[in-house]
Amino acid sequence: MEDFKEDLTAALETLRNGGLILYPTDTVWGIGCDATDEEAVARVYAVKKREDHKSLIVLVAEERDILQYTAAADPGVFTYLEKAQKPTTVIYSGALGLASNLISKDGSVGIRICKEPFCRALIKRLRKPLVSTSANISGEPTATFFDEISDAVKQKMDYIVTYRQQDKTPAQPSSVIRWEDGKISVIRP
């Protein structure tokens, strides 16, 4: 944690004040905010130039967080996630307690349990889930590394995490599945 202690403190202050951060996740670099703050979520959509009916992903630190922010998660999904080979975002029905502009018209939300150390520490300290969306303008290529993120995105951030900016470990977006009644529908492999 010593590697990112200063980033953690600054990012927490930014998030608690309704700000946006640019931060490393367990997949690609993300634009993030407090997932319970409607105004901050609206700013993420504006930065991305993304229509607000297109969902954003929510990151949590623990299984119990999913139980807190969804109406009736099937415990079988946790067994599936333990065996998943790569980070997996699950579309859950019955979203609860999140910003209303983050929830799909059908009441669902995409949530991923994040295993990246900085993200986990940030979520645990914030005690709220984080929005996570790729750090690019909608329709443009996803930035795999920090130095590929456009200045147009960087200039709109209230805080940019320095931790892992030099990391060149190959990364890709998460798998996305819908889990309903114990059945899996793969949306993005």
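Residues numbered from 1 in each chain as written. Predicted model: local features only at pLDDT ≥ 70, side-chain atom pairs only at ≥ 80, totals over all residues. Heavy atoms only, no water.

S.K.: Which residues make up the nonpolar core, and what values do they have?
M.R.: Within the largest apolar cluster, 39 residues are counted, with the highest numbers of intra-cluster contacts made by Leu-22, Tyr-92 and Leu-102. Ranked by residue count, the leading element in this core is helix α2 (residues 38–48), at 5 residues. Residues contacting Leu-22, with those up to four places away along its chain left out, are Trp-29, Gly-30, Ile-31, Ala-135, Phe-146, Ile-149, Val-153, Lys-154, Met-157, Tyr-159, Ile-160 and Val-161. (Core = buried A, V, L, I, M, F, W, Y, C linked by side-chain atoms within 4.5 Å. Buried < 20%, exposed > 50% of the residue type's maximum accessible area, 1.4 Å probe, protein only. Helix = DSSP H or I, 4+ residues; strand = E, 2+ residues; numbered from the N terminus. Contact = heavy atoms within 4.5 Å.)

S.K.: Before we move on, could you go through the environment of Asp-37 and cite the residues and values that matter?
M.R.: If you trace the backbone, Asp-37 turns up in the loop between β2 (30–32) and α2. Its relative accessible area of 21% is what places Asp-37 among the partly exposed residues. Along the chain, Asp-37 and Arg-16 lie 21 residues apart, while their C-alpha atoms are 9.4 Å from each other. Excluding residues within four positions of it along the chain, Asp-37 makes contact with Gly-18 and Ala-99.

S.K.: A description of the pattern of salt bridges should follow, citing residues and the corresponding values.
M.R.: Within the structure shown, the criterion is met by 9 salt bridges. A salt bridge links Asp-158 to Arg-43, with the shortest nitrogen-to-oxygen separation between them at 2.8 Å. Here Arg-43 lies in helix α2 and Asp-158 lies in the loop between α6 (151–154) and β7 (159–160), a separation of 115 residues in the sequence. You can call Asp-158 partly exposed: its relative accessible area is 41%. Linking Lys-168 and Asp-147 is a salt bridge whose minimum nitrogen-to-oxygen distance equals 2.6 Å. Highlighted residues: Lys-168 in the loop between β7 and β8 (175–180) and Asp-147 in the loop between β6 (130–134) and α6, separated in sequence by 21 residues. Taking relative accessible area as the criterion, Asp-147 reaches 52% and is therefore assigned exposed. (Salt bridge = Lys/Arg side-chain N within 4 Å of Asp/Glu carboxyl O.)

S.K.: Mind laying out α2, listing which residues take part and the relevant values?
M.R.: Within the span of α2, buried status applies to Ala-40, Val-41, Val-44, Tyr-45, Val-47 and Lys-48. An end-on view of α2 places all buried positions within 165° of arc, on one side of the element. Summarising the geometry of α2, the exposed residues directed more than 90 degrees from the buried face are Glu-39 and Ala-46. Here the buried face of α2 lies against β2 and β6. The N-capping residue of α2, defined by a side-chain oxygen 3.1 Å from the backbone nitrogen of Glu-39, is Asp-37. With its phi angle positive at about 55°, Lys-49 sits one or two positions after the end of α2. (Arc of directions from axis to C-beta. Polar contact = N/O pair within 3.5 Å; in protein donor to acceptor, adjacent residues only side chain to side chain.)

The analysis is restricted to geometry; functional conclusions fall outside its scope.
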